[in-house]
Structure formats: structure tokens, C-alpha cells
Amino acid sequence: MATNTSIGCTSSGRPVPKRKQALGFSLLEMLLVVSIVGFASTLVVLALRDAGQNRLSQLGLQVAASIEKARAQSRAQNTPLWWRTTSTGYAISATAKPANRWNQDKDAVPWPDPDLQSDSEPVLLGPEPVLQPTRIRLWLRSDPAHSVELSTDGLLPFALQSNAP
């Protein structure tokens, strides 16, 4: 007995041979898959933020908090306080400049991260409720291309602004 591999018969009764199945994917299917993968990859890349920039933003927020604390202290005590950078961090003191060059870092607060740096001019924090509009630029020594700015219009608290390269 012979095995019939045909699917059906024609009107004349002859068997119709089984059709070979296509192997692989069509061009349309491949293009669809590639476009979906590309779209998903784009969304992932846009959702991810640079780790260095995240770190810098967190450090900037810590510095801004200490500046706002000193600003409130200056107003509460009715005493002018200055924020200035030092070689190892920053200082908040009653004068814009250190008493002498030998005691320059005596009242310094170290940066929250030793990699953090700023070259800003001294900033008067009070006791007046309204300051001069001020910007303090911060960056990491390991990644100087990225920086953030702590800025105030003089009335509002210091806010963080990112400066992408």
C-alpha cells in the first residue's frame, strides 16, 4: 500500500502535491522586529542618566542644604556670614577672606566628596533676607565636562541647575 502525501485532489482526480513550507522569516517580519528593538533601546538609553551626573547632583544638593542652613543662621543671629571655597572644601565665616594665609583652612568644611570642586567667589549669605543674585559652579575633578550650578535670584533658596556638556 502506497502512502499518499497529497493534501487533496483536483477536479480531474489527480492528487495535489503537498506544498513546501517556507523556512525563516519574511523581510516584513524582520523589519518589524528590528524596529521594535530599536525603539525599545532608544527608550532605555533616554531613561538612563549618567551616573557621574547623578552623583554630582546629589553632592550639589548637600552643599545647597549647608548654604541654606548658614543663610538661616545668619538671619537668626543678625550676623553677616560668608560662604567661600578653600583648598579642601568650603568655609562659612564672618569674613569673606581668611584671617591670614596660614589659617586659611582652619574653619574649612570638607567637601561631601573629595572629588568635588568649585572656584566661586565668596558669597554673602545674610543677614538681609534678600541676597544678590548668585551662582556657584560645582564640578568633579574626575569629570570636569559636567557641572552643576547652585543659583538663587536673591529671594528664593539656592536651587540646583545642571549644565550638560
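Structure first, text after, so check above.
This text gives an overview of the structure that appears in the document. It should be emphasised that the depicted structure is a prediction, and the values quoted were computed from it without experimental measurement.

Moving on, we get to the side chain of aspartate 115. By secondary structure assignment, the location of aspartate 115 is in the loop between β5 (108-110) and β6 (116-118). One polar contact links aspartate 115 to serine 142, side chain to side chain, over a distance of 2.5 Å. Excluding anything up to four places from it in sequence, aspartate 115 contacts Arg55, Trp139, Leu140, Arg141 and Ser142.

Turning our attention to the pattern of salt bridges. With the rule as written, the count across this model stands at four salt bridges. When the shortest N-O distance is used, the salt bridge between aspartate 115 and arginine 55 registers 3.4 Å. With aspartate 115 in the loop between β5 and β6 and arginine 55 in helix α2 (residues 51-77), the pair connects residues that are 60 residues apart, well separated along the chain. One salt bridge in this structure joins glutamate 149 and arginine 135, with 2.7 Å as the shortest N-O distance. In this pair, glutamate 149 is assigned in strand β9 (residues 143-152) and arginine 135 in strand β8 (residues 134-140), connecting sequence segments 14 residues apart.

Moving on to the sheet that holds β5. If you trace the four strands from one edge of the open sheet to the other, you get β5-β4-β3-β7, paired in antiparallel fashion. A single partner strand is all that each edge strand has here, and the edge strands are β5 and β7 (123-124).

We now examine the environment of glutamine 161. With respect to the element layout, glutamine 161 can be found in strand β10 (residues 159-163). It is 9.7 Å that separates the C-alpha atoms of glutamine 161 and arginine 135, two residues lying 26 residues apart in sequence. In this structure, glutamine 161 is in contact with Arg135, Val148, Glu149 and Ser151, ignoring residues within four places of it in sequence. Side-chain polar atoms of glutamine 161 contact the side chain of arginine 135, separated by 3.0 Å. Polar contacts involving the side chain of glutamine 161 include one to the side chain of serine 151, which spans 3.5 Å.

What follows covers the packing of aromatic side chains. Counted under the stated rule, the structure contains three aromatic pairs. Following the ring pairs from residue to residue traces out a cluster consisting of Trp83, Tyr90 and Trp111.

Moving on, we get to the pairing of β9. By the criterion of burial, β9 is predominantly enclosed, with seven of the ten residues buried. As paired elements, β8 and β9 share seven bridges and run antiparallel to each other. Across the sheet, leucine 138 pairs through a bridge with valine 148, a residue of β9. Between β8 and β9, which pair antiparallel and follow one another directly, the connecting turn spans two residues.

Counting buried residues along strand β4 (residues 89-93), four of its five residues qualify, which places the element largely inside the surrounding structure. Bridging between strand β3 (residues 82-85) and β4 involves four bridges; their strand directions are antiparallel. When the sheet's bridge partners are listed, arginine 84 is paired in β4 with alanine 91. The turn linking β3 back onto β4 is made up of three residues.

Basis of the calculations
Residues numbered from 1 in each chain as written. Predicted model: local features only at pLDDT ≥ 70, side-chain atom pairs only at ≥ 80, totals over all residues. Heavy atoms only, no water. Helix = DSSP H or I, 4+ residues; strand = E, 2+ residues; numbered from the N terminus. Polar contact = N/O pair within 3.5 Å; in protein donor to acceptor, adjacent residues only side chain to side chain. Contact = heavy atoms within 4.5 Å. Salt bridge = Lys/Arg side-chain N within 4 Å of Asp/Glu carboxyl O. Pairing = 2+ DSSP bridges. Phe/Tyr/Trp six-rings, centres within 6.5 Å; stacked < 30°, edge-to-face > 60°. Buried < 20%, exposed > 50% of the residue type's maximum accessible area, 1.4 Å probe, protein only.

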